[in-house]
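Next come the chains, spelled out residue by residue.
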Amino acid sequence: MGKEVRIGTRVVRSARALPPGEGVPVAPPLVQSVAFDYRSAAAQDEVFGNERSGYVYGRYGTPTTAALEIALSELEGTAAATCFASGMAAIAAYADACAVASGGRIVAQEDIYGQVRALFERWIRERGAKIVFVHATDPAKVEAALREAPTSLLYVEAVSNPLLRITDIAVLAKLAHANGATLAVDATFASPVLLRPAELGADVVIQSLTKYVNGHGDVMAGSVAGSVEVAKAMRDRTILDGAYLPPHEAWLCIRGMRTLELRVRRQCESAHRVARHLEQHPKIARVRYPGLPDHPQHTLAKRQFDALQLAASATTLGDLFSEVLYPAISSHRRVAPEERARLGINEGTLRLSVGIEDPDDILADLDGALARV
Ligand SMILES: Cc1ncc(COP(=O)(O)O)c(C=O)c1O
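Residues numbered from 1 in each chain as written. Predicted model: local features only at pLDDT ≥ 70, side-chain atom pairs only at ≥ 80, totals over all residues. Heavy atoms only, no water.

Asker: Please explain the sheet that holds strand 8 (residues 312-313) as it appears in this structure.
Answerer: Each strand in a sheet pairs with another by means of backbone hydrogen bonds, the pair being arranged parallel or else antiparallel. The strand order across the open sheet formed by 3 strands is 8-9-10, and the pairing between neighbours is mixed. Of all the strands in the sheet, the pair left with one neighbour each is strand 8 and strand 10 (351-353). With 3 bridges joining them, strand 9 (residues 323-325) and strand 10 adopt antiparallel strand pairing. Paired with Leu325 across the two strands is Arg351, which belongs to strand 10. (Pairing = 2+ DSSP bridges. Helix = DSSP H or I, 4+ residues; strand = E, 2+ residues; numbered from the N terminus.)

Asker: Just to check I follow, could you spell out the site of the ligand for this structure?
Answerer: Around the ligand there are 15 residues in total, and Gly87, Met88, Asp186, Ser208 and Thr210 lie nearest to it. One of the backbone nitrogen or oxygen atoms of Met88 is found 2.8 Å away from an oxygen atom of the ligand. Here Asp186 contributes a side-chain N or O atom positioned 2.5 Å from a nitrogen atom of the ligand. In isolation the ligand exposes 390 Å². Once the protein is present, 95% of that is buried. The biggest single contributor to the shell around the ligand is helix 4 (residues 87-98), with 3 residues. Residue composition of the shell around the ligand, grouped by class: 6 nonpolar, 6 polar and 3 charged. (Near = heavy atom within 4 Å. Polar contact = N/O pair within 3.5 Å; in protein donor to acceptor, adjacent residues only side chain to side chain. Areas by Shrake-Rupley, 256 points an atom, 1.4 Å probe, with all protein chains shown as cover. Nonpolar A, V, L, I, M, F, W, Y, C, P; charged D, E, K, R; others polar.)

Asker: Even after reading the chapter, I still don't get the environment of Ala190, so can you show me in this structure?
Answerer: Secondary-structure assignment places Ala190 in the loop between strand 5 (182-186) and helix 8 (191-194). For the pair Ala190 and Ser160, spaced 30 residues apart in the sequence, the C-alpha separation amounts to 9.6 Å.

Asker: Before we go on, may I ask you to explain the sheet that holds strand 5 in this structure?
Answerer: Strands sit in the order 1-7-6-5-4-2-3 across an open sheet of 7 strands; the sheet is mixed. Taken across any chain shown, the strands that pair with only one partner, and hence form the sheet edges, are strand 1 (80-84) and strand 3 (130-134). Looking at each pair of strands side by side, their axes are set apart by 20° on average, direction ignored. Bridging between strand 4 (residues 153-157) and strand 5 involves 5 bridges; their strand directions are parallel. Bridging from a neighbouring strand, Val156 pairs with Val185 of strand 5. (Axes fitted to C-alpha atoms, helices over the stretch in contact; angles between N-to-C directions.)

Asker: Help me out: how do you make sense of the nonpolar core in this one?
Answerer: When a protein is soluble and globular, its nonpolar side chains tend to lie buried together. Counting 43 residues, the largest nonpolar core has Leu68, Val142, Leu154, Val156, Leu183, Val185 and Leu209 as the members making the most contacts within it. Within the residue set of this core, elements represented by two or more residues are helix 3 (63-76), strand 1, helix 6 (139-148), strand 4, helix 7 (169-178), strand 5, helix 10 (247-257) and helix 11 (260-280). Broken down by element, the residue count for this core peaks at 5 residues, all from helix 7. For Val156, the residues in contact, after removing those within four places along its chain, are Gln109, Ala136, Thr167, Ile169, Leu172, Leu183, Ala184, Val185 and Asp186. Ala89, Tyr94, Ala108 and Val230 belong to the second-largest nonpolar core, a separate cluster that totals 27 residues. (Core = buried A, V, L, I, M, F, W, Y, C linked by side-chain atoms within 4.5 Å. Buried < 20%, exposed > 50% of the residue type's maximum accessible area, 1.4 Å probe, protein only. Contact = heavy atoms within 4.5 Å.)

Asker: Where do I start with the pairing of strand 7 (residues 222-226) in this structure?
Answerer: Side-chain positions along a regular strand alternate between the two faces of the sheet. Most of strand 7 sits out of view: 5 of its 5 residues are buried. Here strand 7 shows no split at all, with Gly222, Val224 and Gly226 on one side and Ser223 and Ala225 on the other all buried. As judged from the 5 bridges shared by strand 1 and strand 7, these two strands associate in the antiparallel manner. Opposite Phe84, over in strand 7, you have Gly222 as the bridge partner.

Asker: Help me out: how do you make sense of the packing of helix 6 against helix 7 in this one?
Answerer: Geometry of a packed helix pair, given as the angle between the helix axes and the separation of the axes. The geometry of helix 6 relative to helix 7 is characterised by a closest axis approach of 10 Å and an angle of 20° between their N-to-C directions. Taken together, helix 6 and helix 7 sit at an angle that is classed as roughly parallel. In the crossing of helix 6 with helix 7, the sense of the turn from one axis to the other is right-handed. Of helix 7, the residues touching helix 6 (which contributes Pro139, Val142, Glu143 and Leu146) are Val171, Leu172, Leu175 and Ala176. (Parallel < 35°, antiparallel > 145°, perpendicular 65-115°, else oblique. Left-handed = near helix turned anticlockwise from the far one by under 90°.)

Asker: Even after reading the chapter, I still don't get the packing of aromatic side chains, so can you show me in this structure?
Answerer: Two descriptors summarise a pair of aromatic rings, namely the distance from one centre to the other and the angle between the planes of the rings. Inspection of the entire model under this criterion finds 5 aromatic pairs. For the ring pair Phe48 and Tyr60, a centre distance of 5.3 Å and an interplane angle of 85° mean the geometry is edge-to-face. Taken together, the residues Phe48 in helix 2 (residues 41-48) and Tyr60 in the loop between helix 2 and helix 3 connect sequence positions 12 residues apart. Its relative accessible area of 39% is what places Phe48 among the partly exposed residues. With a centroid separation of 5.5 Å and an interplanar angle of 80°, the aromatic rings of Phe120 and Tyr155 are classed as edge-to-face. Of the two residues, Phe120 sits in helix 5 (residues 114-127) while Tyr155 sits in strand 4, which places them 35 residues apart along the sequence. Using a relative accessible area of 1% as the deciding quantity, one classes Tyr155 as buried. Members of the aromatic cluster, each reached through a chain of ring pairs, are Phe48, Tyr57 and Tyr60. Taking NZ or CZ as reference, Arg117 lies 4.1 Å from the ring centre of Phe133, over its face. Over the face of the ring belonging to Trp123 we find Arg127, whose NZ or CZ atom lies 5.2 Å from the ring centre. (Phe/Tyr/Trp six-rings, centres within 6.5 Å; stacked < 30°, edge-to-face > 60°. Lys NZ or Arg CZ within 6 Å of the ring centre and 35° of its normal.)

This is how it looks when you write it as structure tokens:
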């Protein structure tokens, strides 16, 4: 830009790009730009028309979000991935595109994250969506539900929220495919470190990146990983429904993801210790932890987590810090109390997400809280 333009123009137009220089950054550039300049309407037209790769506008894709998408597709072992502004946005976009929008039927796990269940129930009420709920840890029940009517989507959680029920992905993939359905797995609780459902036959893998992948409690984000066709359908959703993941959030997710394996390893070790400890605790009726060989009754009263000093009472999980949640008032608030009770989410159920604090401090915190009950 020459000196001929005035100061009012120079401040607006200067410093658009970084000056050239040697050295490749070790962290990905944060391209915090909504629009991209093509200097020619013809070139921009080609990008809009998908004849040429490039970036045009924030909802269509951003380089930083694309870097995260490539990383996620590599972690999940899928051809592509698309990022959304939250896990809920990812789930809504995929379930709608795969089934509901075209009148397709969904067979869904009954004890999924309460807000997803509430969303599906709202679609049933408001849109006449064909969605049925099944006990997904029993393949015979899933098969029967799939056989009842032509089904577009089988939707499950790899580890259910909050009861930590484990679904058999390979078995469910076979059942879904044998009945002409797609299998989508929400693998948020496992994270790609512990489980990659695509390797077991799942067609689509959904993550609330808000949880373990970012892991620092400072980003809302979600992803849908699957085929190139799924990615195209998801891009159509981000463009028209508008819930694409902005670049700064994507950048933070990439940064958080760097320590995912370290965090999850530590959290699993500590959670195992916590589960074993609580199993012996006289005030604990039942511990639900998939790593334990036996599963005695587990009941905690609402007051218990109020007494914890270390664990934050927070409606999230998978962060650096320990978090405890009372599903009846938060994640499953919209699920009717009778249905919650039927699923096994009772008034004493607490969900504990173990962080990376010193495990001895976590145990002391729990003991201190339980002593006050
Ligand atoms: C298993 C599971 N899936 C999806 C979500 C929704 O993700 P988000 O809160 O990022 O919208 C949650 C949130 O708690 C969850 O636990």
